[in-house]
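Listed here are the chains, written in short residue letters.
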Amino acid sequence: MGISFRARMALLVLVLFVLVQVPTVYAFYYTIHKSAVSQAHTQLRSGGRIFRQAFDARGKRLLDAVQIVASDFGFKQAVATGDTATIRSVLYNHGRRIGADVAVLADLDGHVVASSDNAGHAMQVGDWSALIASARTHENLSAVSVIEGMPYQLVIVPVAAPTRIGWVGMGFALNDALAGQLHDLSALHVSFVAGQG
């Protein structure tokens, strides 16, 4: 028994319908997908510029604040005489005042002389010789570095009395609070991930 004429016509119409609709659906999907990807790239570029500008502006404000610490007469005197108790006290007080999460004094070779977290306790900050070498090249440094597994925005400036006698650095945690602020500015979802290298 063969297929009826009516069934063949229905099958032909169905095949023609599928042949016409598949390219239309594909073209529609391709256009929507391409538009969505283009919009996402535009948002990322725009948000990235805003993020970079906000991060750079924050670095400049922090640099100004750390330069005030480095120019403090009592701090310079404590560094020159090696008075570590006073150095730690100044690092903690100035660091707390500007919202630093870590404050460090390093000698001219980058060996850490004193350090303080935001609670006034000494903390292990690792070897700063590479950071100080970079700061020496540029007269100061604003960079991101990992300390004890946590990313920080570091600002390092020289302590001069009048010749250079050391380097003071302040670190500001790259944490959820900062990510939220940057999200509000850039409309991008921001996360900080620390890793080796």
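Data block above holds the structure.
First things first, this report covers the structure right here in the doc. Note that this is a predicted model, so its numbers are computed, not measured.

So, how was this worked out
- All residue numbers here refer to positions counted from 1 along the written sequence of the relevant chain.
- Restriction of local features to residues with pLDDT of at least 70 applies here, the model being predicted, together with a cutoff of 80 or more for giving and counting side-chain atom pairs; totals for whole chains, interfaces and linings are based on all residues.
- Only hydrogens and water are removed before side-chain values are computed, so all heavy atoms of the structure are retained for them.
- Secondary structure counts use DSSP, requiring at least four H or I residues in a row for a helix and at least two E residues in a row for a strand, with both numbered from the N terminus.
- Restricting the calculation to C-alpha atoms gives the radius of gyration, and the globule rule supplies 2.2 Å times the number of residues raised to the power 0.38.
- With a 1.4 Å probe rolled over the protein chains alone, any residue whose accessible area is under 20% of its type maximum counts as buried; one over 50% counts as exposed, and the rest are partly exposed.
- We call two residues in contact whenever any of their non-hydrogen atoms come within 4.5 Å of each other.
- Where accessible areas are quoted, they stem from the Shrake-Rupley method and a 1.4 Å probe; at the residue level, only the protein chains shown are allowed to cover.
- Only buried Ala, Val, Leu, Ile, Met, Phe, Trp, Tyr and Cys residues count toward a nonpolar core, and they belong to the same one when joined by side-chain atoms within 4.5 Å.

**Some thoughts on the overall build of the protein chain**
The helix and strand tally for the protein chain stands at five helices and five strands. Its helices and strands taken in sequence order, the protein chain reads α-α-α-β-β-α-β-β-β-α from the N to the C terminus. The C-alpha atoms of the protein chain give a radius of gyration of 29 Å, which is well past the 16 Å a tight globule of 197 residues would have. A principal-axis box enclosing the C-alpha atoms of the protein chain has dimensions of 110 × 30 × 30 Å. A total of 197 residues make up the protein chain; the buried ones form 32% of that total. Considering only residue pairs separated by 6 or more positions, the protein chain has 53% of its internal contacts joining residues 24 or more positions apart. Of the roughly 12300 Å² of accessible surface on the protein chain, 59% is carried by carbon and sulfur atoms.

**Description of the nonpolar core**
F75, I87, L91, L105, V168 and M170 are the most contacted members of the largest nonpolar core, which totals 21 residues. Setting aside residues up to four positions removed in sequence, M170 forms contacts with V66, V69, L91, H94, G95, I98, A100, V102, A103, Q153, L154 and V155. Formed by 16 residues, the second largest nonpolar core is a distinct cluster that contains M123, Y152, L154 and A173.

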